[in-house]
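Residue-level listing of the chains:
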Amino acid sequence: MSEHVEWSEPEAAAPAVSAAVTPADAADAARLVAFGLQPKLQPARDQEYAELLRRYREDSPFARLADAVAAGLGLVVLEVSPRAGMAVTAAEDSVFAVRMGDYARRTAADSGDRFLHGLAHLAVAAMAFPRPEDLADDGYIGRVTVNGVDAFVRQACRRLEERADEQGMNTDPATDAPGLEAAWRIWVRRSATGATKDARRLAGSTTGIVGKAAAFLTDSGFLQRTGDDNGGTYRTTARYQLQVRDMAGSAAMAELLELGVVPVTDGTASLMPAEDTEDLELVADAGLPFHS
């Protein structure tokens, strides 16, 4: 008599149980994010930072944990690499977000200068990375000068004035009107340097405003000062490239670039003919790396 044997499907292998997150793991992830919030700190000069970056790249669960810590703080991770470290930017609702209105109030008593400060930051970004391929090339280093940025904006202003003349619209708008069409009148009427007894540029002059923007970007790890010529010379960092790359689609930057004022990499600016383009609205308070 043969014995009946019942066949059944083999049991599925039990899913691998991932290692539980420990308090030490959470502390390390938070430590990495803290390093990312110190933009001037270079991984090559800090062994702990470099080790945490290596762990992020090689340990997927740890990378997800660090990303979650950053997200909880309202931060967006742009890149994690030896060249940029843990590069983060603040989301609009983050406690770390810097707003143009707050920045302008710290730099000038006249709240009407807020737009000029935003335009200065926008111009620095446009001069540093004038072409899409510059933003796409990780090895590209942009160079700007304070006087060059001011010249860039003034040439853009002249282009806007010409366009307004051609369209029969060269009349003064209200001072609070949005857009570059209103901004150029304010910028060109402002003194480039001002005048003080000791020949220092005034903070409210256009080069003073650009100089303040460059100093802020340097303190934020986006630029590195390389000299004093032309009001101050600067080179871009990997973090700034990532920041501008993240913001490059803004209407404000597109409008400025489409004017045809094409900067060159020695920190000066040159005016090139521009094709006719449709007008784009420039949002008030626009400026990198700020939120409106």
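Each remark here, short or long, concerns the structure printed above.
Everything numeric here is computed off the predicted structure, so don't read it as measured data. (Residues numbered from 1 in each chain as written. Predicted model: local features only at pLDDT ≥ 70, side-chain atom pairs only at ≥ 80, totals over all residues. Heavy atoms only, no water.)

Q: Sorry if this is basic, but what is going on with the overall build of the protein chain here?
A: Within the protein chain, the secondary structure is distributed over 11 helices and seven strands. Within the protein chain, buried positions represent 43% of all 292 residues. By element, 53% of the accessible surface of the protein chain is carried by carbon and sulfur atoms, the whole surface being about 15900 Å². (Helix = DSSP H or I, 4+ residues; strand = E, 2+ residues; numbered from the N terminus. Buried < 20%, exposed > 50% of the residue type's maximum accessible area, 1.4 Å probe, protein only. Areas by Shrake-Rupley, 256 points an atom, 1.4 Å probe, with all protein chains shown as cover.)

Q: Is there a simple way to think about the sheet that holds strand E3 (residues 143–145) in this case?
A: Sheet strands associate in pairs through backbone hydrogen bonding, adopting either a parallel or an antiparallel arrangement. If you walk across this open sheet you meet the three strands as E3-E5-E4, and the pairing is antiparallel. Taken across any chain shown, the strands that pair with only one partner, and hence form the sheet edges, are E3 and strand E4 (223–227). On average, each strand axis in the sheet is inclined to that of its neighbour by 30°, with strand direction left out of account. Bridge count for E4 against strand E5 (residues 233–236) is four bridges, and the pairing is antiparallel. When the sheet's bridge partners are listed, Leu223 is paired in E5 with Thr236. Those strands touched by helix H7 (residues 146–166) are E3 and E5, and its axis lies near 85° from that of E3. (Pairing = 2+ DSSP bridges. Axes fitted to C-alpha atoms, helices over the stretch in contact; angles between N-to-C directions. Contact = heavy atoms within 4.5 Å.)

Q: Can you walk me through the packing of helix H1 (residues 23–36) against helix H2 (residues 47–58) in this structure?
A: Axis angle and axis distance: for two packed helices, these are the angle between their axes and the distance between the axes, and together they describe the pair. At a minimum axis separation of 10 Å, H1 and H2 run at an interaxial angle of 115°. Relative to H2, the element H1 is oriented roughly perpendicular. Along this stretch, H1 crosses H2, giving a crossing that reads as left-handed. Seen from H1, the contacting residues are Asp25, Asp28, Arg31, Leu32, Phe35 and Gly36; seen from H2, they are Glu48, Tyr49, Leu52, Leu53, Arg55 and Tyr56. Its residues placed into classes, the contact of H1 with H2 shows six nonpolar, one polar and five charged. (Parallel < 35°, antiparallel > 145°, perpendicular 65-115°, else oblique. Left-handed = near helix turned anticlockwise from the far one by under 90°. Nonpolar A, V, L, I, M, F, W, Y, C, P; charged D, E, K, R; others polar.)

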